[in-house]
Structure formats: C-alpha cells, structure tokens
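Listed here are the chains, written in short residue letters.
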Amino acid sequence: MGWDLDAFAASAASVSQDTAAMYCREMAAFAEWLGQSRVGASPGSARAAGPGEVDLREVRRYLAHLSAQGYARKTVARKASSLRRYFRWAERTGRVAADPTIGAMVPIRERRLPRVLRSEELRTLLDQPRSAVAGDSRARRQRDIAVLELLYGSGLRVSEVCAIRAGDIDWERRRLTVNGKGSKQRIVPLSEPAAAALSEWMSDGREEMADPSVAEDAVFVNLRGRPINAQAVRRLVDRRASVQTNPHALRHTFATHLLDGGADLRQVQELLGHADLGSTQIYTHVSRERLRNVMEDSHPRA
C-alpha cells in the first residue's frame, strides 16, 4: 500500500494548506529515507516501502538520523510530530494495523519564556512611536498606531491583523470578529485606545493610502495601497519600536498583563484563540517570574 499523501493532506482540515503541505513534504522525506535505509539498499537502488512496513525501531532510527545530521531539536520535534499525525491517521483509516510512533522518544523542545515589554518600552511604543522614515506621513503614522494598538490591546496575531476586513468591526459594541488559525473565528473586545486609533485610520488615513481597485475591504494596506502582509507588519513594529522587539511580543505582553490583573486563564485562552489551554499556561510562568523579579527588586529581605 502506498503512502496516500494526497488523502492525508485532504484529511488535515483543521490546519492551513501550507501546514498540510509541510506534513506531506516531511512524510515524503521519511519515505525516501526509509527506502534507502533498508538492508542492502543504496541511494540508486532503494526499494519502495509502505507505511505498513514501518516499526518503532525505524522511527527511532530516523529521529536519531535527523539529530546526527545536525537538525535543531525544535526541527526534529516538528518532524516527529508530522510522523505521529500521519500514522494516527493511517491507523484510523485502516492503512496500518498499529501506530509505530507510539513509544518513540522525541527531543524535548526548549520552551523559552516569551519576552514581555517593560512598562516604559510599551508606553513609548504606543504613545510616542518613533518615526518610521524621514518625512513620516500622517496617514502612515495613523495606520501604524492602529496596528500597534490592536497587537497589544486585543492580543492579535500578525496574520489576524492582516486578515481584518471592514465588516469585521462592530463599532457599536466596540468589538472585532477575528479570523484565527484553522479558520476559527472569535470575538474580541476593542480597547478604547484601539477603537479610537482604528476609527481615525479608517475615516482618514486609509482613504489616502488605499487603492480601491485592489484593496477592496481590507482594513490595513501597504504603501502601494494593497492589503498589508505579515512581513510589512513586522517591519512596521521594528521601525516604530525604540528597542528591538517583534509583533508577537505585544501579544505576549497583552496576555501577561491580563493575568497580572487577575484575569482567569480560560478567559485569556479564549481571547488569544488558543485551542489548547497548555499553550496559554506558559503565561502563568511569565507572570510568576515577573512577580518574583518585582519582589527581588523591591523587598528589603528578598
């Protein structure tokens, strides 16, 4: 039986097309390695091997091979995740009798605590952002401030900012419909500063910058008047910040400040659009670390 990667990709409806394509590439690489690694096979004479022939020993050998080739632990862990996802699907659909990845040891990914902006860094970025370029235009500044307020005030991902359409904004209730990962939608409130900045941009700056023939109802546009992309948002943050930072640091700061203020973890999970509560729990560690630092800096007997 073949690997049926097209059917596997079609089954991955909960992820983006790019992610599904990545799963298939990584499974194709594993299949190629498997054929070449069989006893007596060489790169020029490798025989085809199907998923039903794979056992735990070969999965472990493949992961060890990747590590020996110098792949980062994070990359090996991702490739192992692709294997697990494929073989769970193959077992579920009767393509293999048992999942051979069960029991395979994968590298433990290092989880770095996300960077949280200090109060003065955040205040400077939102209230006194530096000029993006010489002769910074009013419209460009309005757009950038609205983006920054959404990244921090509503904790949006970069991709979610890029995907906002005019119809997603509920001005009366001051909230926003967000199109998140896996085509999942959620409703998030707009902070007062974010709503004000967004209103100013939409009623003034956007009309000056947008090209109606290509921008359609995209809320944010680039300097050519087209819908903004993730790379442009990252450059925007980098140019406006007084210290090195990135858009996701604003999302981290949003979540940490909510927990510091007493918000419930599940409420923060809902606001961030995390499918798994475990993804949100890292912010509890950030919050505790911040409290520990405050105590050490402030308490005379810390």
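Here's a quick rundown of the structure. For clarity, every value in this text was computed on a predicted model and none was experimentally measured. (Residues numbered from 1 in each chain as written. Predicted model: local features only at pLDDT ≥ 70, side-chain atom pairs only at ≥ 80, totals over all residues. Heavy atoms only, no water.)

Let us look at the pattern of salt bridges. Close approach of charged atoms lets side chains of opposite charge pair. For the coordinates displayed, the defined rule picks out 16 salt bridges. Ionic pairing is found between Asp144 and Arg143, a salt bridge with its closest N-O pair at 2.9 Å. Between Arg175 and Asp170 there is a salt bridge, with the nearest N and O atoms lying 3.5 Å from each other. (Salt bridge = Lys/Arg side-chain N within 4 Å of Asp/Glu carboxyl O.)

Our next topic: helix α3 (residues 56–68). Look at α3: 18 Å from first C-alpha to last across 13 residues, which is about the 18 Å you get at 1.5 Å a residue. Glu58, Val59, Tyr62, Leu63 and Leu66 are the residues of α3 that are buried. For α3, the arc enclosing every buried residue in end-on projection is 140 degrees, short of the 170-degree limit, so these residues lie on one face. The exposed set on the far side of α3, more than 90 degrees from its buried face, consists of Arg57 and Ala68. Buried residues in α3 make contact with α2 (17–37) and α4 (73–92). In the stretch just after α3, Gly70 is the one whose phi turns positive, near 95 degrees. (Helix = DSSP H or I, 4+ residues; strand = E, 2+ residues; numbered from the N terminus. Expected span 1.5 Å × (residues − 1). Buried < 20%, exposed > 50% of the residue type's maximum accessible area, 1.4 Å probe, protein only. Arc of directions from axis to C-beta. Contact = heavy atoms within 4.5 Å.)

Let us now look at the environment of Ala132. Within the fold, Ala132 resides in the loop between α5 (119–127) and α6 (138–153). Judged by relative accessible area, which is 14%, Ala132 ranks as buried. Note: C-alpha distance between Ala132 and Asp238 (106 residues apart in sequence) is 8.9 Å. Setting aside residues up to four positions removed in sequence, Ala132 forms contacts with Arg140, Asp144, Arg239 and Arg240.

As far as function goes, none of this settles anything; it's purely spatial.
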